[in-house]
Amino acid sequence: MSRLSLALDTADLAEHYEKVSADRQFRVGQKLVAALGIGPTDRVLDVGSGTGLLAGHIAELVAPDGTVTGIDPLPLRIAIARQKRPTTIRFEVGSAYDLSAFAAESFDVVLLNAVFHWLPEKLEPLRQFARVLAPGGRLGISTGSREHRGVLQTIRGEVLARAPFNAYPESQDGLAHHISAAELQALLAQAGFAVRSIDVVPNAHHLPDGDATIRFWEASSFGNSLGHLPVAIRAQARQAIVEELDRLRTEEGIHLGGARIVAIATKT
Ligand SMILES: C[S@@+](CC[C@H](N)C(=O)[O-])C[C@H]1O[C@@H](n2cnc3c(N)ncnc32)[C@H](O)[C@@H]1O
């Protein structure tokens, strides 16, 4: 049973995410938005909108007749989104598991950028996306691929397999819920979507050093990177991971590696 927590986020992590995601998640998200062909008049739901950088970009594309709604379970990130993005965007604290605030067939596009791997159970949210999408509506998902482990996952696994960290079960696999492209394809069909494309795209991102890499990871996982460990040994684990990461450093910095699955589907 995953102990992924939505209660470990802090103002510092949320602010840091706003800064570091501009170079990674935002760029990846812009590609997802382009693949979805988002344009004027589209009514878009951004599920797991975080601090709203991508929603801000989408708002420019759908103006003046389309709409953008962003939901995220982390109140600190929604607060930043409300403060920094245009007031035409509706941001609400909310979850992929409960879209009851939205009427059936009320969106043309639903997208999840770097969010789907945080959902422990995936079929029910997909069914909810199908419910709120209009006939022919598009769903876009960009998510980590389980079959392409990045440097962070590998090093985290290696360090946490050591004592005393290995006494805690989540040390084994991490707290995110990555899937394969084949699994995503099957889930989409089960939830009533026709898959238009599903691609596995290598990640090309670098970060300067071990500390920057773990800071990026802490902000992206809203405090869950080592949140399963007792506070007394978290700093020790963090330091060990930083040291291992720094061994991989080149002139370009640390290449995070891994790959993401990018799926575009339409409601049948
Ligand atoms: C790496 S961030 C991505 C944020 C944003 N989509 C972006 O492109 O920058 C992952 C986000 O997933 C959100 N998330 C986690 N569980 C969720 C859930 N059950 N429903 C919706 N969003 C969720 C987190 O709160 C977090 O903001």
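Structure: see above.
Residues numbered from 1 in each chain as written. Predicted model: local features only at pLDDT ≥ 70, side-chain atom pairs only at ≥ 80, totals over all residues. Heavy atoms only, no water.

A. Local environment of the pairing of strand β5 (residues 133-144). Counting buried residues along β5, ten of its twelve residues qualify, which places the element largely inside the surrounding structure. Note that strand β4 (residues 107-113) and β5 share six bridges and pair parallel. What sits directly across from Phe107, in β5, is Leu133. Bridge analysis of β5 against strand β9 (residues 259-267) gives seven bridges, and the strand direction is antiparallel. (Buried < 20%, exposed > 50% of the residue type's maximum accessible area, 1.4 Å probe, protein only. Helix = DSSP H or I, 4+ residues; strand = E, 2+ residues; numbered from the N terminus. Pairing = 2+ DSSP bridges.)

B. Quick peek at the pattern of salt bridges. Applying the stated rule across the entire model yields 13 salt bridges. Notably, a salt bridge pairs Glu218 with Arg238, separated by 2.8 Å at the nearest N-O pair. Taken together, the positions of Glu218 in helix α8 (residues 210-220) and Arg238 in helix α9 (residues 231-247) put the pair 20 residues apart, joining distant regions of the chain. Residue classification places Glu218 among the buried positions, given a relative accessible area of 14%. Each of Arg82, Arg90 and Glu92 takes part in salt bridges that share partners, so that together they form one network. (Salt bridge = Lys/Arg side-chain N within 4 Å of Asp/Glu carboxyl O.)

C. Looking closely at the site of the ligand. Residues in close proximity to the ligand total 18 residues, the closest being Tyr17, Gly48, Asp72, Ala96 and Asn113. Separating an oxygen atom of the ligand from a side-chain N or O atom of Tyr17 is a distance of 2.6 Å. The separation between a nitrogen atom of the ligand and a polar side-chain atom of Ser95 is 3.3 Å. The residue makeup of the shell around the ligand, split by class, is ten nonpolar, seven polar and one charged. (Near = heavy atom within 4 Å. Polar contact = N/O pair within 3.5 Å; in protein donor to acceptor, adjacent residues only side chain to side chain. Nonpolar A, V, L, I, M, F, W, Y, C, P; charged D, E, K, R; others polar.)

D. Up close: the nonpolar core. Core analysis: the largest hydrophobic core is formed by 30 residues, its most contacted members being Leu112, Phe129 and Leu139. Those elements that place two or more of their residues in this core are β1 (43-47), β4, α5 (123-132), β5, α7 (181-190) and β9. In terms of residue count, α5 provides more of this core than any other element does, five residues in total. Here Leu112 is in contact with Leu32, Val47, Leu119, Phe129, Leu139, Gly140, Ile141 and Ser142, once residues within four sequence places are set aside. (Core = buried A, V, L, I, M, F, W, Y, C linked by side-chain atoms within 4.5 Å. Contact = heavy atoms within 4.5 Å.)

E. Here's a closer look at helix α6 (residues 151-160). For α6, the tally of buried residues reaches seven of ten residues, placing the bulk of the element in the interior. Every buried residue of α6 is listed here: Val151, Leu152, Ile155, Arg156, Gly157, Val159 and Leu160. Of the surrounding elements, those touching the buried residues of α6 are α8, α9 and β8 (254-255).

F. Main features of the pairing of β1. Of all five residues in β1, four are buried; the element is thus mostly enclosed. Bridge count between β1 and strand β2 (residues 67-72): five bridges; the pairing is parallel. Across the sheet, residue Arg43 finds its bridge partner in β2, namely Thr67. Considered for its hand, the β-α-β crossover made up of β1, helix α3 (residues 53-62) and β2 is right-handed. Inspection of the sheet shows β1 paired to β4 by three bridges, in the parallel sense. Pairing of Leu45 across the sheet is with Val110, part of β4. (Right-handed = clockwise from strand over helix to strand, strands pointing away.)

G. The sheet that holds β2, seen in detail. Spatially, β3-β2-β1-β4-β5-β9-β6 is the arrangement adopted by the seven strands of the open sheet, whose pairing is mixed. What marks the edges here is a single partner per strand, and that holds for β3 (90-93) and β6 (193-202). Neighbour-to-neighbour, the strand axes of this sheet turn through a mean angle of 15 degrees, independent of strand direction. Contacts from helix α2 (residues 25-36) reach β4, β5, β6 and β9, with the element oriented near 150 degrees to β4. (Axes fitted to C-alpha atoms, helices over the stretch in contact; angles between N-to-C directions.)

H. Fine view of the side chain of Glu18. Summarising the element assignment, Glu18 is placed in helix α1 (residues 11-20). There is a polar contact of 2.6 Å between the side chain of Glu18 and the side chain of Arg85. If sequence neighbours within four positions are ignored, Glu18 has contacts with Thr51, Leu53, Ile80, Lys84 and Arg85.

Honestly, that's just the spatial picture; any functional story needs more than this.
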